[in-house]
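# Chains, contacts and geometry: an overview
Letter by letter, the chains look like this.
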Amino acid sequence: MTETSSLAVELAEGFADDEVAVLVDGEQVWHRTGVTTNYSVGLADVVHLPPPPHEATVEVRVRGKADTQRVDATSAAGEIRLRARLDPAGSLALAEATEETRY
Amino acid sequence: MTIMEPNAPVAGENLALDLEKTTESAAAGMAEPPTEATTQPAEQAADPSAAAAPPAFEELPTMPATAEDAVRQVNGHDTAIEPAAPVAPIPGPVPFPLPRRQASGRYRSRPLGYQLELRVDVDGKRPLRKLSGDYYAISGSTVTYFGSWTVDAVKVTTTSSTITVVGTARTTWSTTFTVAKVTIPRAMIFQPAPPATLRWFTSSGAAGATYVCGWESAAFRTVELEQDCETGVTPFASYDTGSLTSGGAARTLSTAGAYDEAGVQMLDTGGANVINTPAGHQWTNASLHHAMQAHFTRWQERPQYKIWLLHARAHEYGTGLRGIMFDQQGLQRQGCASFYQMISSGSAQDKREQLYVNVHELGHCFNLYHSFHKSYMNPPLPNRPGSLSWMNYPQNYNPGSGAPGGPAAFWAAFPFQFDNLELAHLRHGFRNSVIMGGNPFGTGAALEVTDEYLDRVSDTSGLRLRIAPAQPRSLLGTPTVLEISLIAERTQQVHERDQLHPKFGFVHLAISRPRGDVVAHQPPVRHCVDPELVLSGHDAKLPVSAYIGYDAGVGQIFEDPGTYRIRASYAAPDGTIIVSNTATVRVVAPRTRADEEVGELLLGEQAGMALTLLGSDSPYLAEGTDALETVVAAHAEHPSAVYAQLALGMNAARPFTDVDAAGNVNVRGRDLVRADALLGAAIDSSRGSEGLDDLTVYQAMDYLASSHAAEGDDTTARAMRDDAAQLAESKNEPDSVRRSLEE
């Protein structure tokens, strides 16, 4: 069994003064209002969470929409990174990601 | 009497009589033969009743009109000039041709009611053939920004003695004086830079204000840069672009040098502070903003061409973050930071990265978005992932057409410059879209389309443009039809109703799609016509309907379920750009098997083109025509069948001429039996609130009537026109529509 050092949820493009909640297995672990993407880096925020000790469902909620991803910290090494983005039409997508170079 | 705007005859300098002797007509720059322009009589320009009548030159105080002026004075450059100062003669004979001084650069007028900062861009490095300027209103000792203007395309006429630049301007305020004519005497390289004289005209040639502007700088803009440094960070100095493979000429570039190549002067104000931080310190956006307020000695909460750049080590967002334009509180875009944590080895790669990061972050301060984020701007623009620009991400570089992308391809081709659209923004963007502390980040962030779709600061044109989709909520595959209406509140000349269709080029559309891109709609068929103008007023409404589902560039536009946002702009005869409301079309997924089949048939590329052409016999569109035939035959009851009936019926109602490979011309005559059947079905299905939109129904009825008339059947034609007129009257259509059915 490998060990995951951290779980990060990037709130990326499309956020504009939004109220955002991050849940793990249905329990809210992070909540903030006024979340707004800084397009100089394409990020609104990076939510760092302790890696769940078992396979879990991470959910992002914003504007009455939600999307989920299953993460398994028990089998992934290093950091698990998820990226949530709202497209210009307001559709929410949460997907696995790798940390990318941003400017 | 009050000067209302700076282009009008009573504004500017009282040079009418002098200029009358030497200035050619504005028309000389636009059309042949030249005609003498009407100049404003001096007594009118100097009317003492004019609140802002220009004072005599001797009475003018010397004062900094803008922050930029203050900078200039600090730096000891006095720009006061005599109006239309002649170029000093060259002493003695010249045995060989001497280089001429470039005309491009920044000029400034004297503060006479208004002060103009004029930018001429016709020669020198990467000339964009544009003019632009910012007006400042002078009132006593106060100076207020008034507005900006840009000429996107100019005609340049060069003689041995002068350069003349003419074009039509877009302005942030409403004016009829939209034709700008700039005249600059030509000078040898060692002679003093001559002034530029700007004269405004209406499109019909009536003269407006004149501004004589002294040469100020070869740079189009000047920005003060204050740089501070975190403990232990060695700030970037320069990079030899020949050190590694690249797409441009090898040269040594500093951050300021990169901007100098773009035509922007970066003045380093010196005084770099070292900001002490504890080991392992990570910056947050809040702490960066606080540091800016504490250490940026020239920071103020107001628009000014001043930037603070912090050379720092690390940000809380992680090691992947190389830089950030963090200032998004209050008046934005005044500060940015570069993070050296991962790029400080001193290698060529790291030096290149440092140069890229610093130029890139400062680009954000000028309100430039990433090449791949343009669709998130306000209003949105198409993304440009294939751009070889400071503002693209190397890893996101995608030139398209299957060509290699990614960082290796980017760096191999990158010429270390901004792309042309960004260059146009940096040099000629409207002042508030560019200046630090101006518009919020992302608003008005690119010149080429953005300004066209921005809401106007003031609109006294007396014109309104309204758009509405025929079906705000439609099934995937349903042809999207937009009603475009121009309303003239007061009497003036506008384009006749039919010419408001986008295919004539006077109305443009931008469509934001759910997939994240924006389509600047290019109709597949364009009609090049002379403008036909009509007098309209008293809130008269000129509506036209247009099928906008198929595009010359992207093909089918509405091919995904989701929400589409549409905005239109109309170029009025006097050059005024009228921007519409934003219309929304919600495309929903098929619900039944028939929905799926019809959607599939109508979303084919050839079907889109066949719908655009309203049918065709061309064998090159056979697949599309077959799709429409299948919809009519197999799905006659489906709501979208009326569109197939319309296209096939209109095609049957007109002859089709085919030229075969041997050059033989074959004409298929009208098939009015088929046309009656198809169009009759479509019309009858649409008399109520379902089916085709009303304007398309009238168009179909009118066309069918004309076809019958062309075949000598006046009785049927008359009956059809009467039917159309009654239907239009029952639906309370505006006069312009009802009149068109009587013609």
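Scope of this entry: the structure provided in the associated data block.

Rules used throughout
- Numbers given for residues are sequential positions, taken from 1 along each chain in its written order.
- Here the convention is simple: chains get letters from A, ligands get numbers from 1, in the order in which they are written.
- For a predicted model such as this one, the threshold for reporting local features is a pLDDT of at least 70, and the threshold for listing and counting side-chain atom pairs is 80 or more; totals across whole chains, interfaces and linings nevertheless cover every residue.
- Side-chain measures here rest on the full set of heavy atoms in the structure, leaving out hydrogens and waters.
- Residues are treated as being in contact if the distance between any of their heavy atoms lies within 4.5 Å.
- The quantity reported as buried area is the accessible area (1.4 Å probe) lost by two parts once they are put together, taken as the sum for both.
- Think of a salt bridge as a Lys or Arg side-chain nitrogen and an Asp or Glu carboxyl oxygen that are within 4 Å of each other.
- Each polar contact in these results corresponds to two N or O atoms within 3.5 Å; when the atoms are within protein, one needs to be able to donate a hydrogen and the other to accept it, and residues that are neighboring in sequence are counted only if both atoms are side-chain atoms.
- A run of DSSP states H or I qualifies as a helix once it reaches four residues; a run of E qualifies as a strand once it reaches two. Both are numbered from the N-terminal end.
- Only protein chains enter the accessibility calculation, which uses a 1.4 Å probe. A residue is then buried if its area is under 20% of the maximum for its type, exposed if over 50%, and partly exposed in between.
- Note: two strands are recorded as paired if DSSP finds a minimum of 2 bridges between them.
- Convention adopted: a line fitted to C-alpha atoms gives each axis, helices being fitted over their contacting stretch, and angles between N-to-C directions are expressed from 0 to 180 degrees.
- Patches draw on residues past 30% relative accessible area with no salt bridge. Two like charges within 9 Å are joined, as are two nonpolar side chains (Val, Leu, Ile, Met, Phe, Trp, Tyr) within 5 Å.
- Per-residue and other accessible areas were derived by the Shrake-Rupley procedure at a 1.4 Å probe size, with only the shown protein chains allowed to occlude residues.
- This count recognises Lys and Arg as positive and Asp and Glu as negative, with His and chain-terminal groups excluded.
- Where a charge lies is defined by one atom per residue type: Lys uses NZ, Arg uses CZ, Asp uses CG and Glu uses CD.
- Residues belong to one nonpolar core when they are buried, are Ala, Val, Leu, Ile, Met, Phe, Trp, Tyr or Cys, and are joined through side-chain atoms within 4.5 Å.
- Here roughly perpendicular refers to angles of 65 to 115 degrees, roughly parallel to angles under 35, roughly antiparallel to angles over 145, and oblique to all remaining angles.
- Left-handed describes a crossing in which the near helix is turned anticlockwise from the far one by less than a right angle; the clockwise case is right-handed.
- Ten residue types, Ala, Val, Leu, Ile, Met, Phe, Trp, Tyr, Cys and Pro, are classed as nonpolar, four, Asp, Glu, Lys and Arg, as charged, and the remainder, Gly among them, as polar.

### Digging into the interface of chain A and chain B
Taken together, the contact pairs 23 residues of chain A with 33 residues of chain B. Regarding the contact of chain A and chain B, the summed buried area is about 2,200 Å², with carbon and sulfur atoms giving 52% of it. When residues of chain A are sorted by the area they lose upon contact with chain B, Tyr39(A), Pro88(A) and Tyr103(A) head the list and together hold 39% of the total. The interface formed by chain A and chain B holds zero salt bridges in total. For the pair chain A and chain B, the interface holds 18 residue pairs in polar contact (both at pLDDT 80 or more). When residues of the side of chain A that touches chain B are traced back to their parent elements, those giving at least two are strand 4 (45–49) and strand 7 (78–86) of chain A.

### Focus on the pattern of salt bridges
Inspection of the entire model under this criterion finds 37 salt bridges over all chains. The salt bridge partner of Arg61(A) is Glu59(A), with a shortest N-O separation of 2.8 Å. Assessed through its relative accessible area of 15%, Glu59(A) is described here as buried. Measuring nitrogen to oxygen at the nearest pair gives 3.2 Å for the salt bridge that ties Asp260(B) to Lys125(B). With Asp260(B) in helix 4 (residues 255–261) and Lys125(B) in the loop between strand 2 (114–121) and strand 3 (130–139), this residue pair connects regions lying 135 residues apart in the sequence. Given a relative accessible area of 41%, Asp260(B) falls into the partly exposed group. Through salt bridges with shared partners, one network takes in Glu10(A), Glu79(A), Arg81(A), Arg83(A), Glu100(A) and Arg102(A).

### Looking at the sheet that holds strand 5 (residues 56–62) of chain A
All names here are of chain A. Sheet architecture is open: four strands sit in the order 3-2-5-6, paired in antiparallel fashion. In the strand order of this sheet, the two ends are held by strand 3 (27–35) and strand 6 (65–71), each with one partner. Each neighbouring strand pair of the sheet contributes to a mean axis angle of 15°, computed without reference to strand direction. Strand direction decides the pairing type here: strand 2 (residues 18–24) and strand 5, joined by five bridges, are antiparallel. Paired with Ala21 across the strands is Arg61, a residue of strand 5.

### Brief notes about a positive patch on the surface
Taken together, Lys65(A), Arg473(B), Arg586(B) and Arg591(B) make up a surface patch of like positive charges. Take Arg586(B): it is sitting in strand 29 (residues 577–588). According to the relative accessible area criterion, Arg586(B) is partly exposed, its value standing at 46%.

### Remarks on unusual backbone geometry
Leaving glycine aside, a negative phi is the common case for residues, and trans is the common case for peptide bonds. Despite not being glycine, Asp17(A) shows a phi value in the positive range, around 50°. Residue placement: Asp17(A) occurs in the loop between strand 1 (4–11) and strand 2. The backbone of Phe416(B) shows a phi angle near 60°, a positive value even though the residue is not glycine. Inspection of the secondary structure puts Phe416(B) in the loop between helix 7 (406–413) and helix 8 (420–428). On the accessibility criterion, Phe416(B) (1% relative accessible area) is buried.

### A few points about the nonpolar core
Residues and elements named next belong to chain B. If you look at the biggest cluster of nonpolar residues, it comprises 52 residues, and the most contacted ones within it are Ile307, Tyr356, Phe366, Trp390 and Phe418. Those elements that place two or more of their residues in this core are strand 10 (221–230), helix 4, strand 13 (264–268), strand 15 (306–312), helix 6 (348–365), helix 7 and helix 8. In terms of residue count, helix 6 provides more of this core than any other element does, six residues in total. Excluding its chain neighbours within four sequence positions, the residues that come into contact with Trp390 are Leu253, Ala258, Leu355, Tyr356, Val359, His360, Phe414, Phe416, Gln417 and Phe418. The next biggest cluster of nonpolar side chains, apart from the first, holds 44 residues, and it includes Leu621, Val632, Tyr643 and Ile683.

### Topic: the packing of helix 15 (residues 672–684) of chain B against helix 16 (residues 694–710) of chain B
All names here are of chain B. With their axes 10 Å apart at the nearest point, helix 15 and helix 16 run at an angle of 160° to one another. As far as their axial angle goes, helix 16 and helix 15 are roughly antiparallel. In the crossing of helix 15 with helix 16, the sense of the turn from one axis to the other is left-handed. The segment helix 15 lies against helix 16, with Leu672, Ala675, Asp676, Leu679 and Ile683 engaging Val697, Ala700, Met701, Leu704, Ser707 and His708. Along the lines of polarity and charge, the residues of the contact of helix 15 with helix 16 split into eight nonpolar, two polar and one charged.

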